[in-house]
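Summary of the model geometry
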Amino acid sequence: MEKIKIIIDGQEIAVRKGLTVLEAAREANIYIPTLCYHPSLPPFGGCRLCIVEIEDIKGYPTSCTTPIEDGMRIRTSTPEIQDIRQQVLELILTEHPNACLVCQHKENCDEYKSTIRKVDQITGCEFCPNNNQCELQEVVKYIGIEKINLPSLYRNLPIERLDPFFERDYNLCILCGRCIRACQEIRGAGTLTFIHRGPKTVIGTAFNRTHIEAGCQFCGACVDVCPTGALFEKGRKWEGISEEVITTICPYCGIGCQLVVEVKGNRIIGAYPDIKGKTNQGQVCVRGRFTFKNIVHNADRIYNPLIRKNGDFEEVSWEEAVNYVSEKLKKYKGEEIGFIISPQLFNEDYYVIQKFVRLALNSNNIDNLARLTSAYISNELKDFSITYKLQEIEQAKCILLFGSDIGYSHPVINVKFKKAVDNGAKLIFIGSRKPEIGLIPFKRIQTKPGGEVHLIVGLIKTIAERKNSNLENLNKINFDKIEKLSGISYEKIVEIVNLIENFSPCLIIYDLELLQAWNDPNMIKLLNNLSILSGAKLIPLWHESNSRGAWTLGISPEILPGYIKISDLDNIKNFEKIWKNSIPKSPGLSLIEILEKKIIKALYIIGDIPKIEKNLEFLIVQNPFFTSVCKKADVILPACTWAEAEGTFLNTEGRIQFLNRIIEPLGNSKPDWWIISQIGQKIKNNGFQYSSSKEILEEIKKVVPGFQDISLSQLKKGEPFFIKLCSNESKKLFRIDEFPPMEEEDRDFPFFLIFRNDLDNYRGFSLVKNDKGIRLIRSHDFIELNPEDCKKLNIAEKDKVKIISNYGEIEARVKFNEDIHQRTAYLRFSFFSDSFSKIFDLPLNSKTKIPKIQLLPVKIIRGENV
Amino acid sequence: MRNENITLEKLEIKRKSIIEKRKIYNRLITVCGGTGCQAYNCREVFKKFKELIFQKDLKNKIELKITGCHGFCERGPIVVVQPEGIFYQRVTPEDVEEIINETIIDKKIISRLLYIDPITNCKIEKEKEVPFYKKQKRLIFGNNGLIDPTNIEDYLAIGGYKALTKVLTEMKPAEVIDEIKYSGLRGRGGAGFLTGRKWEICRKAPGIEKYIICNCDEGDPGAYMDRSLLEGNPHSVLEGMIIGAYAIGAHQGYIYVRKEYPLAVKNISQAVSQALKWNFLCKDILGSGFTFNIDIVQGAGAFVSGEETALIASIEGRRAFPTPRPPYPAEKGLWKKPTNINNVETWANVPLIILKGAKWYSQIGTKTSKGTKIFSLVGKINNTGLVEVPMGTTLREIIFEIGGGIPNGKKFKAVQTGGPSGGCIPESLLDLPIDFESLSEAGSMMGSGGMIVMDEDTCMVDVARYFLTFTQHESCGKCVPCRIGTRQMVEILNRIIKGEGEPEDIKQLEELAQIVKKGSLCGLGQTAPNPVLTTLRYFQNEYEAHIYERKCPAKVCTDLIVYYILPEKCVGCLLCLKNCPTEAISGERKKVHVINQEKCIKCGMCYEVCPPKVKAVIKLSGKKELENIQKKQKTEGDK
């Protein structure tokens, strides 16, 4: 990087070209007071506190906006400048309640609270929830203001409390515009803006709607950057200053954002995104920002093991519970026991659980709930080994994005798209439904529902033809047919191909939801072919925080840790050698089979599942929360949450991330690995004597390919570790003989129902159900329909409708969406909702072992409206 | 749409044929169609002319056009008969038949429609002899009265686009820039930066993609020269822009015009589409290989949008917030590309300089400020309108010779130049030759050329408060000194005019003014305190009168003034009593009426209705004056 010399306060320094005067000064350890400046936001130049004098520039330029030039002579604190700063700050304090800043009793007040209330309406010293956590206070201290000579001009604006998560007292606002820049420039959301002008200028939404009405996603970026108490988290209010801050990884989606959790006593009082976070760089979504406290300290937490005795649950000791469970489990044969595991546990937990099932219980009947979204990974393709960095998105010049829900399921990724587009990237969105990516400009290719697959075939054919690649079976397909199936014309396809070819690097980002559309692992082969032919890199987005870890650590009926197939006898020997035991060699039952097959007599659930229809002899639920399935359980084992244990996650990038323990386990709850190890020790003498998750990680390193190089101490320091699961084989094109069929129109069931995955849960504990704020903004109770369809069916918005499939029916309220194709319906789907078991066709695909859950033919009729 | 075939050569042939074609006319009637005259119903006058010309079958002899603003808005609607230049003012549709019959057919002058010089009381026949026009040098604005702005042929007939052909055939971009530099042309938008220099910086800025912008976000209350140029002679602006684009190397231009100027939007839009048709815009202009296109963007009505960085933000679709410089727009402007912004009037000067040469141009004006400047002369002045004078003309010449002085025999008090953030210049500086430097030395500025004349009935504290209230409301709210500083200043001024001023207020105002000036981000804030600073400089006695004596010498500030009925004059007619909305006046028929000061809300109704012959109700500057009168009466009564 080119360096240039500048003279700042008489000191000559060499700094990187492209910095601003302020950044250069900070590098030289010269403090310049600022209020509107924030390191992660574009400069604004509004607060006027960072003014400096620069030779040859007239007036007082703001250092945060002025780029340095060679030989620049800068003075940062002449008496003149100090004077202006002081007076400007005084002006700010005429509008901002200032008693907490300039009160003559300030010193005593801290100690004796001698001036708790003053008569003046602007006093406010004890009213500001941000007292002592305020940048304005710091700046006042530095600049030194003892008295305000001007009359106060309190704005007397009403405090806005209607929206969830945070409230807004714009009387405390100094209009630094940080929140707006965060909202617009970083998140690309555009909810917030300046409204009115002159002295009436305030921050708000267009047309003064509530934030919910204005489409706010409540990512909290505005709250994070607010220098005063104007934007304040409701749940954090009056908690004061934290005693300790600990970094962690968010347990909800696959991105794995790094957060800083504020702790007081053994309580989480708040969380905010870590600016040093490798995946999120100081950004997070509503789930990570605002729900930790509520989830970890939820009233539905279970604090003691429970055993059903005479029909009622009774609190017992761990010893009793472990004895009881191990004795019971010993009575069943391996094939009679099933395990269903949440995809939000630690890698260490997974390793111990699968070892326990295979070794102690001699069973392979173990599966994880991510099967529904990620069963398409294939050994043949080794696509499970794809690693990438989300930051690559920022450098991409062309992005092909499949998955209309990415902005909802992985909201932080919008930040990357925004950066990419700002850097000149072409963002092409392919899908049937409009994506929720705020105001980020994109090129939209609206396919027919499920037509993405056919479009991919069209892209492959076009590129293959240009490159004269030999994919002879492509001749069978013609573009007329592709247009008919996908709804995209040849011209459009050529346009996309031109963009891919002219703008590189190109990325193909796909949500695993895309794969559900065809319900066939061939889908991945198509994507692979497109990637190889176009030179674009494939970027899959995994859903749950550690679904990748669950698969990689062998939470699967047919795969052992490190993606070793159960049929791969050579590699299995290796495991048997280390585990000093034999492993059952035949694949076990998969998720739906475990739930349906009669052979299963005992079920062990770690996490949650929707209600169980069949009768079981013995049901164990291991989860931190008392959910509906617990009512049927025989034993409930209180696991602690991620916040009370430590371990590693494998995120969507293939990055291994370490999570610190934030607080001590609440009540008698225990980490999952501990519970399973205890039972393991009772059933099997050897192999489960673990005393910490660290010890388990050491064993993983020995056993599981891809984990060998990890160093825990370096992980804790935040060094990036990516899983290496196979050597870089040369990529090959796959011959695909079977092409996706056309979805048949069904006269009786004329609508195609498309499910939008729900990721708003932790171990099955629904945020929508259990967090009032999340419920307000992410309610699931509606079905999206085209108004034209509704007109024909005589359905108005918000009416109740019945959605009927061949297998059952459910009810939902209607929300109009002009944008979607006619005769399609979109419903947010949660595995944990009743709808799942009610309307699905249960025959499973032989390869993926899941039912067809996308493009389900349904009919829609008016429900009974009250 | 586009006429591909017009090349440089063909243009001259076309031009000749246009001029030939028009030789059949022996008379030209122009009806002023500026927004001012439109308000006076000039459309009806024009319609009537058209009807009668058709009826009387004069179509082939008389050319009739509705032109842009002639400038003398005070006397609209204006009709000029050429080639004699007979000047009729305040013409109504009813006068039209007479004009046709008398002036056109019988070649007689209609005396009653002529303008009467208020000083000599003589009737004036010809336009150029009207004192309002006589003293002007209408280089830029003069053609407004000759052409129909909606007809490109009119502009071509008077030699339009000749400067462009000259540039495209004879000059390299650097030569164009040099010519503009040598001419000494300075930006007419206010700051007065050397236009040629600005172009040069933009030309030299790295990057292929560059933009030029025409700023017609004329937000100053009372200033409307840019509007009149876009309305009356849009092609001259376009021609200037195309030349500028050629010199700078821009291929896309924008004209940012206020939505509140519908006629300007209409005429410039039409001009752009005509220019496209005639191959003055778009690809390969006149076969020269140069490409340039213009889009029109309508502003959404914020005063600050006239600030160039705010204007750029507005074009980009963002809130019109100014951004700090550096980086300057010439380096990083619209869409972060080098951008050159000039005001309408500046662009309109360009073709003139190219055609007549920098040397000729630089002889007009003063040492530092060259050429002419259009001012909009408004306020307490006889001849309201747009005037164009060489730089260096004195204020006295403009106000008293061109403007015809102050109406109703009142005394001149001050003139405020440069829009709401300009300063108020007192009578003692009337002989100031106007240019960029002299105005700023006087504490004011050139600004966009607004000129508001004030007479003795104006309270300077109230004026300062008025302008500051305007800038305060129009402050974008981005930077602290401008947003809160002006608010604090307005609060103080409001107190002063209410009679609640404190002695330290003057010092406080001065301090705040300095902070707002020094600390503000953009020109709006940096100049907003000017009205306060200049009134404090030249009229401090008025502030002191308000603060120390609680009186308003100009008798304007309602909270201070007092209405009083002179007992010796009152005839007891009951008029004021009946009209008083608060029943503050008591009295009986033929008995002296008395105002109850407690009840009086100072609406001035009694003052208005008191018969001129009686003049019993008087306005007093403050309570002290009332007390003095009452004391005097008492002593007289005692005697």
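Here the structure is a predicted model, which is why all the values come from computation and not from measurement. (Residues numbered from 1 in each chain as written. Chains lettered and ligands numbered in written order. Predicted model: local features only at pLDDT ≥ 70, side-chain atom pairs only at ≥ 80, totals over all residues.)

**What to know about the overall build of chain B**
In terms of regular secondary structure, chain B is built from 26 helices and 19 strands. Relative to a compact globule of 639 residues, whose C-alpha radius of gyration would be 26 Å, chain B shows 28 Å and is just as compact. Considering only C-alpha atoms, chain B reaches an extent of 95 × 65 × 40 Å along its principal axes. Taking all 639 residues of chain B together, the buried fraction comes to 54%. Of all intrachain contacts in chain B linking residues separated by at least 6 positions in sequence, the fraction that spans at least 24 positions is 72%. (Helix = DSSP H or I, 4+ residues; strand = E, 2+ residues; numbered from the N terminus. Rg over C-alpha atoms; globule rule 2.2 N^0.38 Å. Buried ≥ 20, exposed ≤ 12 C-beta atoms within 10 Å, placed from the backbone. Contact = placed C-beta atoms within 7 Å.)

**Observations regarding the sheet that holds strand E12 (residues 306-309) of chain A**
Residues and elements named next belong to chain A. What the seven strands build is an open sheet, ordered E13-E12-E25-E24-E23-E14-E15; its pairing is mixed. The two strands at the open ends of the sheet, each matched to only one other strand, are strand E13 (312-315) and strand E15 (366-368). Each adjacent strand pair in this sheet contributes to an overall mean axis angle of 20°, direction not counted. Where strand E14 (residues 337-341) lies against E15, three bridges are found, and the strand directions are parallel. When the bridges of E15 are listed, Phe339 appears paired with Ile366. Sitting on the sheet, helix H10 (residues 318-330) touches E12, E14, strand E23 (602-606), strand E24 (618-623) and strand E25 (635-638), and the angle it makes with E25 is about 130°. (Pairing = 2+ DSSP bridges. Axes fitted to C-alpha atoms, helices over the stretch in contact; angles between N-to-C directions.)

**Description of the confidence of the model for chain A**
Of all residues in chain A, 92% have pLDDT values of 70 or greater, and the mean over the chain is 88. In the predicted structure, residues 114-124 of chain A sits below a pLDDT of 50 and forms 20 contacts with residues beyond four places in sequence or in another chain. (pLDDT = per-residue confidence, 0-100.)

**Overview of the nonpolar core**
Core analysis: the biggest nonpolar cluster contains 439 residues, and Ile399 and Ala825 of chain A have the highest contact counts within it. With residues near it in sequence (within four places) discarded, Ile399 of chain A still touches Ile393, Ala420, Ala425, Leu427, Ile428, Leu507 and Ile509 of chain A. (Core = buried A, V, L, I, M, F, W, Y, C linked by C-beta atoms within 7 Å.)

**Here we look at the packing of helix H8 (residues 173-183) of chain B against helix H14 (residues 344-356) of chain B**
Residue and element names in this part refer to chain B. Axis separation between H8 and H14 bottoms out at 10 Å; the angle between their running directions is 100°. With respect to their mutual orientation, H8 and H14 come out roughly perpendicular. Contacts from Glu179, Ile180 and Ser183 in H8 reach Val350, Ile353 and Ile354 in H14. Across the contact of H8 with H14, the residue classes tally to four nonpolar, one polar and one charged. (Parallel < 35°, antiparallel > 145°, perpendicular 65-115°, else oblique. Nonpolar A, V, L, I, M, F, W, Y, C, P; charged D, E, K, R; others polar.)

**Observations concerning the domain arrangement of chain A**
How big an interface is tends to be expressed through the accessible area that disappears when the partners come together. All names here are of chain A. In terms of domain boundaries, chain A breaks down into domain 1 (3-140), domain 2 (306-370 + 547-722), domain 3 (383-541) and domain 4 (751-862). Just the C-alpha atoms count here: the centres of domain 2 and domain 3 sit 36 Å apart. Facing six residues of domain 2, the contacting portion of domain 3 comprises seven residues. The residue inventory of the side of domain 2 that touches domain 3, partitioned by class, reads three nonpolar, two polar and one charged. (Domains from an automatic or database assignment.)

**Structural notes on the interface of chain B and chain A**
Taken together, the contacts link 26 residues of chain B with 27 residues of chain A. Residue assignment for the side of chain B that touches chain A shows that the elements contributing at least two residues are helix H18 (460-474), helix H19 (480-497) and helix H20 (505-519) of chain B. When residues of the side of chain B that touches chain A are assigned to their parent elements, the largest contribution, eight residues, is made by H19 of chain B. Across the side of chain B that touches chain A, the residue classes break down as eleven nonpolar, eight polar and seven charged.

**Section: the packing of helix H2 (residues 79-95) of chain A against helix H5 (residues 135-143) of chain A**
Residue and element names in this part refer to chain A. Interhelical geometry of H2 versus H5 gives an angle of 140° and a closest axis separation of 10 Å. Remark: the crossing between H2 and H5 carries left-handed chirality. Here Arg85, Gln86 and Leu89 of H2 come into contact with H5, specifically with Val139, Val140 and Ile143. For the contact of H2 with H5, the residue count by class is four nonpolar, one polar and one charged. (Left-handed = near helix turned anticlockwise from the far one by under 90°.)

**A closer look at H14 of chain B**
Burial analysis of H14 of chain B places eleven of its 13 residues in the buried class, the great majority of the element. Gly357 of chain B occupies a position one or two residues after H14 of chain B and carries a positive phi of about 95°.

**A closer look at the environment of Glu695 of chain A**
Residue and element names in this part refer to chain A. Turning to its location among the elements, Glu695 is positioned in helix H25 (residues 693-703). Taking the C-beta count within 10 Å as the criterion, Glu695 has 14 such neighbours and is therefore assigned partly exposed. Spatially, the C-alpha atoms of Glu695 and Ile81 are 59 Å apart, while their sequence positions differ by 614 residues.

**Observations concerning the domain arrangement of chain B**
Each assigned domain of chain B is listed with its residue range as follows: domain 1 (18-136), domain 2 (152-362), domain 3 (372-455), domain 4 (462-526 + 535-548) and domain 5 (562-638). Here the C-alpha centroids of domain 2 of chain B and domain 4 of chain B sit 35 Å apart.

**Regarding the pairing of strand E27 (residues 655-659) of chain A**
Residue and element names in this part refer to chain A. Burial runs high along E27: five of the five residues are buried. The side-chain alternation of E27 yields two buried faces, one formed by Arg655, Gln657 and Leu659 and the other by Ile656 and Phe658. Where strand E26 (residues 647-650) meets E27, four bridges bridge the pair, whose relative direction is antiparallel. Each bridged residue has a counterpart across the sheet, and for Thr648 the counterpart in E27 is Phe658. Connecting E26 to the antiparallel partner E27 that follows it, the hairpin turn spans four residues, and Gly654 within it adopts a positive phi of roughly 90°. Both E27 and strand E28 (residues 721-722) contribute to a ladder of two bridges, which runs antiparallel. Note that in E28 the partner of Arg655 across the bridge is Phe722.

**Some words on the sheet that holds strand E9 (residues 293-299) of chain B**
Residues and elements named next belong to chain B. If you walk across this open sheet you meet the four strands as E9-E8-E7-E10, and the pairing is parallel. Since the sheet does not close on itself, it has two edges, and those belong to E9 and strand E10 (339-343), each with one partner. For this sheet, the mean angle separating the axes of adjacent strands, direction not counted, is 20°. In this structure, strand E7 (residues 211-216) lies alongside E10, joined through five bridges in parallel fashion. In the strand pairing of E10, Ile213 is matched with Ile341. Its contacts with the sheet put helix H11 (residues 234-248) on E7, strand E8 (252-258), E9 and E10, and the angle it makes with E7 is roughly 150°.

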